[in-house]
Amino acid sequence: MPRRVLLLMSQLPQDPSSGAPRSVKNIGELLASRGFEVECVATTATEQQSRGDVIDILLRAGSVRPEWLSDESRREGGIIRFEERGVRHHLLNTGEAGILQWNDELDRAFNAMLEERLTAFKPDVLFT
């Protein structure tokens, strides 16, 4: 059975304005290519000063296709799920909220999503 790794991030792994989340994403992809089972729990928050449409960021990066996104996942509080380069992503759509601007409702939603993935995935390693 392959080792399971859960990547945990407070921002979009594909954030075009920050190298740190992209580096963690790349580490996850490298581990997946080496036979590890990898999932990522994160948000759509970015470090960009002017918040762009995160759905557009994911589409331009080739991470998702429009038909993969439900109306619910496109709304604040919805969860965007997709697999990219062997890593299964679970992203909480934080809408216009930046990394340190989550309201209590988004905080509860993120914690619930994390608890669900910890229970279902049962990672051997948590990487933050």
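The notes below deal with the structure included here. Since we're looking at a predicted model, the values are computed, not measured.

**Brief notes about the overall build of the protein**
Each helix and strand counted, the protein has three helices and five strands in total. Counting from the amino terminus, helix and strand elements in the protein follow one another as β-α-β-α-β-β-α-β. Against the 2.2 N^0.38 benchmark of 14 Å for 128 residues, the protein shows a C-alpha radius of gyration of 14 Å, consistent with a compact globule. Based on the C-alpha atoms only, the size of the protein along its principal axes is roughly 40 × 30 × 30 Å. Taking all 128 residues of the protein together, 43% fall into the buried category. Long-range pairs, those at least 24 residues apart, make up 68% of the contacts in the protein between residues at least 6 apart in sequence. Summing over all exposed atoms, the protein offers an accessible surface of approximately 6900 Å²; the carbon and sulfur share of this is 49%. Within the protein, one finds 16 positive and 20 negative side-chain charges whose respective centroids are separated by 6 Å.

**Quick word on helix α3 (residues 104-121)**
Here α3 spans 25 Å end to end across 18 residues, near enough to the 26 Å set by a 1.5 Å rise per residue. Looking at the buried positions of α3, the neighbouring elements they touch are β1 (4-8), β2 (37-43), β3 (79-84) and β4 (87-92). With a side-chain oxygen lying 3.1 Å from the backbone nitrogen of E105, the N-terminal cap of α3 falls on N103. Just downstream of α3 lies K122, where phi reads positive at about 50°.

**Topic: the environment of K122**
Tracing the backbone shows K122 in the loop between α3 and β5 (125-127). In sequence terms K122 and R4 are 118 residues apart; their C-alpha atoms lie 7.4 Å from each other. At 2.8 Å, the side chain of K122 and the backbone oxygen of T119 are in polar contact.

What counts and what doesn't
- Residues numbered from 1 in each chain as written.
- Predicted model: local features only at pLDDT ≥ 70, side-chain atom pairs only at ≥ 80, totals over all residues.
- Heavy atoms only, no water.
- Helix = DSSP H or I, 4+ residues; strand = E, 2+ residues; numbered from the N terminus.
- Rg over C-alpha atoms; globule rule 2.2 N^0.38 Å.
- Buried < 20%, exposed > 50% of the residue type's maximum accessible area, 1.4 Å probe, protein only.
- Contact = heavy atoms within 4.5 Å.
- Areas by Shrake-Rupley, 256 points an atom, 1.4 Å probe, with all protein chains shown as cover.
- Lys, Arg positive; Asp, Glu negative; His and termini not counted.
- Charge placed at Lys NZ, Arg CZ, Asp CG, Glu CD.
- Expected span 1.5 Å × (residues − 1).
- Polar contact = N/O pair within 3.5 Å; in protein donor to acceptor, adjacent residues only side chain to side chain.

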